[in-house]
Amino acid sequence: MNHRTAPRAVLLAAGELLVWWAALALLWLVLISTVDPLERIVGACCAAVGAVLARLGRRAVSWR
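In what follows, the accompanying structure is described.

Cut-offs used in this document
- Residues numbered from 1 in each chain as written.
- Predicted model: local features only at pLDDT ≥ 70, side-chain atom pairs only at ≥ 80, totals over all residues.
- Heavy atoms only, no water.
- Helix = DSSP H or I, 4+ residues; strand = E, 2+ residues; numbered from the N terminus.
- Buried < 20%, exposed > 50% of the residue type's maximum accessible area, 1.4 Å probe, protein only.
- Areas by Shrake-Rupley, 256 points an atom, 1.4 Å probe, with all protein chains shown as cover.
- Salt bridge = Lys/Arg side-chain N within 4 Å of Asp/Glu carboxyl O.
- Disulfide = S-S within 2.5 Å.

1. Some words on the overall build of the protein chain
No. 1: When its secondary structure is counted, the protein chain shows 2 helices and 0 strands.
No. 2: Among the 64 residues that make up the protein chain, the fraction classed as buried is 14%.
No. 3: Taken as a whole, the protein chain presents about 5,200 Å² of accessible surface, with 74% of it coming from carbon and sulfur.

So, in structure tokens, the structure goes:
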């Protein structure tokens, strides 16, 4: 990766993580019965961990 492609790669990685996080957080909200502040915090944290693992898994499979 050279100096000119580094910002693009970072933006693509951040965008992918954001999309994964949003999808997993939405799934969490759909599956829980009560939506209180603690559930939102736990859901956001679990979605963040899931987003990182999904990105790492996708990169491992696609060899990129």
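2. Quick look at the pattern of salt bridges
No. 1: Tallied over the full model, the rule gives 2 salt bridges.
No. 2: The shortest N-O distance in the salt bridge between Arg55 and Glu16 comes to 2.6 Å. Note that Arg55 is positioned in helix H2 (residues 37-62) and Glu16 in helix H1 (residues 6-31), a separation of 39 residues in sequence. Each member of the pair, Arg55 together with Glu16, is buried.

3. A short note on the state of the cysteines
No. 1: Counting across every chain of the model gives 0 disulfides.
No. 2: Cysteine Cys45 shares no disulfide, and the gap to the nearest cysteine sulfur, in Cys46, comes to 7.0 Å.
No. 3: Here Cys46 falls in the partly exposed class, since its relative accessible area comes to 40%.

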